[in-house]
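# Architecture and fold: a report
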Amino acid sequence: MSTILTISDLTKKYRHADGDIYALNKVSFAVDKGDFVTITGSSGSGKTTLLLCLAGLIQSSGGTVQFQDFTITSASDSQLSHFRKSKVGFVMQSFALIPYLTAAENVMLPLAQAPMSGRQKQTAADEILRLVGLENRKNHLPKELSAGQRQRVAIARALINKPELILADEPTGNLDPTLSTDILDLLSTINKTQNLTILMVTHSPMAAAYGNRKIHLKDGEVVA
Amino acid sequence: MNLTKLVWLEFKYHKSQLITGLLAITLGVAVIVGIRSVSVVSEKAVAINLDNLGANILVLPQGANVDNYYTADIDAPTFPEAYVEIVATSALQGVDNMSPKLTRRITVRGQKLALTGILPKNELASKPLWQKSGLFGAGAKASCAPGAATDNGAYKDEKLLRKSIDAIEEDECILGSSAAQRLQLKENDTITLEGGGFKVAKVLTETGTIDDDRIFAHLHTVQRLLGIKEQVSAIEIMGCCNAITDGLLSKLRNLLPDTKITTIGQIVATQVQTNKLMNKVSLVFLVIILFVGGVSIGNFMWANVNERRKEIGMLRMIGFSKGVIYRLLLAKALILGIMGGALGYIIGTGAAMWLGPQFAQLAVQPLPQLLPAALAIAAVVALLGSAIPAYLAGKIDPFINMQEE
């Protein structure tokens with residue numbers, strides 16, 4: 001297994017009148033290609049902050065994050081945009097779908113700037129929607145879909161640009177247990193069949209059980 | 001799915017916002033187009049009215065001065081009447097009418113009066129106050145503004161206007177009101193002037209000018225009686241005020257080098273000042289409307305950006321750079337601007353055509369040349385108004401979607 005992500009002494013602190021607050025404190029670990037890593041911890045333990053730093057969405061206060069040979073922590077905004085567009089897929093608790101786009105259009109969104117024809121983009125979206133079991137819902141607006149279906153659309157959108165890393169933030173946080181299992185099964189299947197690396201933040205022990213590696217954060221530090 | 005489609009779909013989704021934004025631009029452009037459409041017509045009307053104040057340029061012999069012209073100095077120098085033809089046949093633009101005159105002070109029945117030889121129809125055009133006297137019927141009018149329409153809507157041929165000389169009978173004269181009073185003459189009476197017998201064809205109503213003390217007769221008759229054949233003491237010219245500011249005087253000087261060309265300053269100053277005032281008023285309106293329009297669009301775009309914060313954050317998260325976010329919002333502003341500009345042109349023109357005759361007694365015609373300007377102004381205002389909201393949209397935190405519960 002090759003290492004895809006290396007986090008070294010990653011620190012994120014916020015200044016406060018009472019003293020610096022460390023959201024992350026010298027966090028270090030490595031992720032191999034194909035890993036399904038779950039990051040757990042109580043509220044305020046730094047889970048989401050860690051995910052944001054890994055995506056280059058917030059600037060760290062210290063340490064480095066290396067994705068293959070790309071150093072996320074020292075990249076420019078445009079380099080980070082390109083990195084997220086080409087290497088990363090996001091799945092979020094709120095689904096973050098655009099309400100006026102159909103399922104297929106939402107899925108195609110990351111390809112909006114890709115040098116592909118409309119037909120090629122449509123074909124790619126159809127394939128991914130088939131993969132997540134929504135080929136017959138491709139022309140539906142988000143409001144016409146159930147919560148579980150919306151999250152499947154979000155997962156399809158995360159996969160459309162053939163990323164190497166999926167960052168998922170509480171992907172089952174808005175779903176009931178049955179739907180949660182469906183989504184986690186889907187992520188697990190994608191992880192296994194496509195050898196896709198997944199980092200998933202969750203506070204659910206049931207969801208955490210899906211990972212082959214577990215990282216537990218407490219007060220910004222890796223404790224397990 | 002591409003960026004253009006994304007903009008269109010967002011437009012379709014936010015229809016009420018689209019209408020609000022469109023309304024702001026449309027109304028702004030409609031007001032500009034409406035005002036401009038009316039002001040173009042009113043500028044022409046004002047220009048014609050200003051020209052109707054009378055002649056504004058005097059051509060005098062080289063050694064003469066304006067006093068000679070007004071006092072009818074008996075020894076005042078003269079120059080050839082043929083100069084009228086030289087100007088008339090030249091390609092000079094902006095000379096709307098000419099009135100050659102020969103004036104001498106004479107004594108009639110013990111009264112010292114000025115005898116002025118005129119070519120009547122030209123004189124009429126140069127003296128709008130006379131037009132009310134009814135002597136010559138519908139007289140020629142000035143055609144200062146380029147393409148100014150006549151009463152029947154046809155465009156005037158300036159050359160024809162210059163040459164249209166309607167001869168007064170050689171034995172007729174016209175008396176100024178004061179001259180008639182002093183000579184105790186009325187219409188159809190007879191009088192002898194410098195040995196020639198004349199019938200009083202008309203007594204002019206009081207004008208309050210030097211003309212009240214004049215006796216007017218046909219130029220050629222006056223020339224013969226005074227023994228100054230084919231000579232005139234002055235040519236009054238009705239020059240288009242715009243042409244005067246564009247150098248008509250120097251062109252006339254080049255054409256008639258041995259004459260003295262001077263303006264009747266007060267008239268020209270009034271004409272130029274009025275034109276400047278109208279231009280300034282139009283400009284002030286334009287600036288105010290552009291400012292208000294820009295702020296309205298900026299406000300609309302800012303509301304749109306705020307409503308779409310999560311959406312924009314998500315786009316940033318999946319790899320849309322700040323530049324692409326700017327482009328998305330500015331493309332929307334551009335489309336809004338072009339649509340608003342086109343609609344504003346149509347509504348503004350329609351409103352001007354409808355309201356012009358009712359409120360300003362002006363028949364307003366569509367001005368197609370305003371359409372590109374309306375589109376350009378609306379697009380630029382929409383882009384400028386949206387620049388700050390677009391910039392701030394680019395700074396929206398991409399992780400806004402990850403921060404919620």
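A brief report on the enclosed structure follows. If you're wondering where the values come from, they're calculated on a predicted model, not measured in any experiment.

Rules and cut-offs
Numbers given to residues run from 1 along each chain, matching the order in which its sequence is written. As a convention, the first chain written is A and the first ligand written is 1, with the rest following in written order. Where local features are concerned, this predicted model is filtered to residues with pLDDT of at least 70; where side-chain atom pairs are given and counted, the filter is 80 or more; whole-chain, interface and lining totals use all residues. Excluding hydrogens and water, the side-chain figures rest on all heavy atoms present in the structure. Secondary structure elements are taken from DSSP: a helix is a run of H or I of four residues or more, a strand is a run of E of two residues or more, and numbering for both begins at the N terminus. Throughout, a residue-residue contact means that at least one pair of heavy atoms, one from each residue, lies within 4.5 Å. Using the Shrake-Rupley algorithm and a 1.4 Å probe, accessible areas are obtained, with residue cover drawn only from the displayed protein chains. Pairing between strands is defined by DSSP: at least two bridges between the two strands are required. Whenever a helix is involved, its axis is fitted only over the stretch in contact; in every case the axis is a line through C-alpha atoms, and angles between N-to-C directions fall within 0 to 180 degrees. Here the quantity called buried area is the accessible surface, traced with a 1.4 Å probe, that two parts lose on coming together, added over both. Each reported salt bridge corresponds to a side-chain nitrogen of Lys or Arg within 4 Å of a carboxyl oxygen of Asp or Glu. Amino acid classes used here: Ala, Val, Leu, Ile, Met, Phe, Trp, Tyr, Cys and Pro are nonpolar; Asp, Glu, Lys and Arg are charged; the rest, including Gly, are polar. Residues belong to one nonpolar core when they are buried, are Ala, Val, Leu, Ile, Met, Phe, Trp, Tyr or Cys, and are joined through side-chain atoms within 4.5 Å. A 1.4 Å probe rolled over the protein chains alone gives each residue an accessible area, and that area as a share of the maximum for its type sets the label: buried under 20%, exposed over 50%, partly exposed in between. Multiply 1.5 Å by the residue count of a helix minus one, and that product is the helix's expected span. Between 65 and 115 degrees an angle is taken as roughly perpendicular, under 35 as roughly parallel, over 145 as roughly antiparallel, and anywhere else as oblique. Helix crossings are classified by the rotation of the near helix relative to the far one: an anticlockwise turn of less than a right angle makes the crossing left-handed, while a clockwise turn makes it right-handed. Two aromatic rings, drawn from Phe, Tyr or Trp (for Trp, its six-membered ring), form a pair once their centres lie within 6.5 Å of each other, and the interplanar angle then sorts them: stacked below 30 degrees, edge-to-face above 60, tilted otherwise. Within this scheme the basic residues Lys and Arg register as positive and the acidic residues Asp and Glu register as negative, but His and the chain ends are omitted.

### A closer look at the overall build of chain A
- When helices and strands are tallied, chain A shows 7 helices and 10 strands.
- Taking as baseline every contact in chain A between residues at least 6 positions apart, the subset at least 24 positions apart corresponds to 71%.
- Accessible surface, chain A as shown: approximately 9400 Å² in total, 49% of it carbon and sulfur.

### Examining the sheet that holds strand E3 (residues 36–40) of chain A
All names here are of chain A.
- If you trace the 6 strands from one edge of the open sheet to the other, you get E6-E7-E8-E3-E9-E10, paired in mixed fashion. Bordering the open sheet on either side are strand E6 (88–92) and strand E10 (221–222), each of which pairs with just one other strand.
- Where strand E7 (residues 165–169) lies against strand E8 (residues 197–201), 5 bridges are found, and the strand directions are parallel. Bridged to Ile166 within E8 is Ile198.
- Contacts from helix H2 (residues 77–87) reach E6 and E7 within the one sheet, and its direction differs from that of E6 by about 80°.

### A word on the sheet that holds strand E8 (residues 214–218) of chain B
Residues and elements named next belong to chain B.
- Spatial ordering of the open sheet is given by E6-E7-E5-E8-E4-E3-E10-E1-E11, a layout of 9 strands whose pairing is mixed. The outermost strands of the open sheet, each flanked by one partner alone, are strand E6 (190–193) and strand E11 (259–263). Neighbour to neighbour, the strand axes of the sheet diverge by 35° on average, direction disregarded.
- Pairing of strand E3 (residues 95–108) with strand E4 (residues 111–118) involves 8 bridges; the strand directions are antiparallel. Of the residues in E4, the one forming a bridge with Lys101 is Ile118.
- Running at roughly 35° to E3, helix H8 (residues 219–226) makes contact with E3, E4, E6, strand E7 (196–203) and E8 of the sheet.

### Some thoughts on the interface of chain A and chain B
- In this assembly, 28 residues from chain A lie in contact with 28 residues from chain B.
- Taken together, both faces of the contact between chain A and chain B bury some 2500 Å²; the carbon and sulfur share is 67%.
- Summed over the shared surface of chain A and chain B, the number is 2 salt bridges.
- We note a salt bridge from Asp77 of chain A to Arg316 of chain B, for which the minimum N-O separation is 3.0 Å.
- Looking at the side of chain A that touches chain B, the elements that each hand over two or more residues are helix H1 (47–54), H2, E6 and helix H3 (103–108) of chain A.
- Taken together, the residues of the side of chain A that touches chain B break down into 16 nonpolar, 5 polar and 7 charged.

### Some points on the nonpolar core
- In terms of nonpolar packing, the biggest core is built from 113 residues, with Leu5 and Leu199 of chain A together with Leu315 and Phe320 of chain B touching the most fellow members.
- Looking at which element gives the most residues to this core, the answer is helix H13 (residues 322–359) of chain B, with 8 residues.
- Residues within four places of Leu315 of chain B in sequence aside, it is in contact with Ile98 and Leu109 of chain A together with Leu6, Phe320, Ile325 and Leu328 of chain B.

### Side note on unusual backbone geometry
Residue and element names in this part refer to chain A.
- Unusually for a residue other than glycine, Gln68 sits at a positive phi of about 50°.
- By secondary structure assignment, the location of Gln68 is in the loop between strand E4 (62–67) and strand E5 (70–71).
- A relative accessible area of 35% means that Gln68 is categorised as partly exposed.
- Backbone geometry at Ala96 places phi at a positive 50°, although glycine is not the residue there.
- Residue placement: Ala96 occurs in the loop between E6 and H3.

### Notes on the pairing of strand E10 (residues 234–239) of chain B
Residues and elements named next belong to chain B.
- Among the 6 residues of E10, 6 are classified as buried, and the element is accordingly described as predominantly covered.
- Of the two faces of E10, the one lined by Ala234, Glu236 and Met238 and the one lined by Ile235, Ile237 and Gly239 are each fully buried.
- As judged from the 3 bridges shared by strand E1 (residues 57–61) and E10, these two strands associate in the antiparallel manner. The residue bridging Val59 from the neighbouring strand is Ile235, located in E10.

### Some words on helix H4 (residues 118–131) of chain A
Residues and elements named next belong to chain A.
- With 14 residues, H4 extends 20 Å from end C-alpha to end C-alpha; this agrees with the ideal 20 Å at 1.5 Å per step.
- Within H4 the residues assigned to the buried category are Lys121, Ala124, Ala125, Asp126, Ile128 and Leu129.
- Tucked inside the fold, the buried residues of H4 contact H3 and helix H5 (147–159).
- Positive phi appears at Gly133, one or two residues downstream of H4, with a value of about 75°.

### Here we look at the packing of H5 of chain A against helix H6 (residues 177–193) of chain A
All names here are of chain A.
- Running from amino to carboxyl end, H5 crosses H6 at an angle of 20°, the nearest separation of the two axes being 10 Å. Relative to H6, the element H5 lies roughly parallel. Note on packing geometry: the crossing formed by H5 with H6 is right-handed. When H5 is examined against H6, the residues Gly148, Gln151, Arg152, Ile155 and Leu159 are found in contact with a partner set consisting of Leu179, Asp182, Ile183, Leu186, Leu187 and Ile190.
- The residue inventory of the contact of H5 with H6, partitioned by class, reads 7 nonpolar, 2 polar and 2 charged.

### Examining the packing of aromatic side chains
- Per the counting criterion, the structure on display carries 6 aromatic pairs over all chains.
- Ring centres of Phe67 of chain A and Phe83 of chain A lie 5.2 Å apart, and the angle between their planes is 65°; this geometry places the pair in the edge-to-face category. Residue Phe67 of chain A is located in strand E4, and its partner Phe83 of chain A is located in helix H2; the two are separated by 16 residues in the primary sequence.
- Under the relative-accessibility criterion, Phe67 of chain A is labelled buried at 2%.
- Judged by centre distance (5.9 Å) and plane angle (50°), the ring pair of Trp8 of chain B and Phe11 of chain B falls under tilted. Taken together, the residues Trp8 of chain B and Phe11 of chain B, both in helix H1 (residues 3–13) and 3 residues apart, mark about one turn of the helix.

### Considering the environment of Val381 of chain B
All names here are of chain B.
- Its location among the elements puts Val381 in helix H14 (residues 370–394).
- A relative accessible area of 15% means that Val381 is categorised as buried.
- C-alpha of Val381 to C-alpha of Gly337: the two residues are 44 residues apart in sequence and 7.5 Å apart in space.
- With residues up to four places along the chain from it excluded, the contact list for Val381 reads Leu290, Gly293 and Gly294.

### Side note on the packing of H1 of chain B against H13 of chain B
Residues and elements named next belong to chain B.
- Interhelical geometry of H1 versus H13 gives an angle of 55° and a closest axis separation of 10 Å. On the basis of their axis angle, the class for H1 and H13 is oblique. Judged by the twist between their axes, the crossing of H1 over H13 is right-handed. Between H1, through Leu3, Leu6, Val7, Trp8, Glu10 and Phe11, and H13, the contact on the second element is made entirely by Val324, Arg327, Leu328, Ala331, Lys332, Ile335 and Leu336.

### Details of the side chain of Glu170 of chain A
Residues and elements named next belong to chain A.
- Along the chain, Glu170 falls in the loop between E7 and H6.
- We note that Glu170 is buried and unpaired, the nearest opposite charge coming from Lys47 at a distance of 4.6 Å.
- Look past the residues within four positions of Glu170 in its chain and what remains in contact with it is Lys47, Gln93, Val201, Thr202 and His203.

Function cannot be read off these values alone, since they describe shape.
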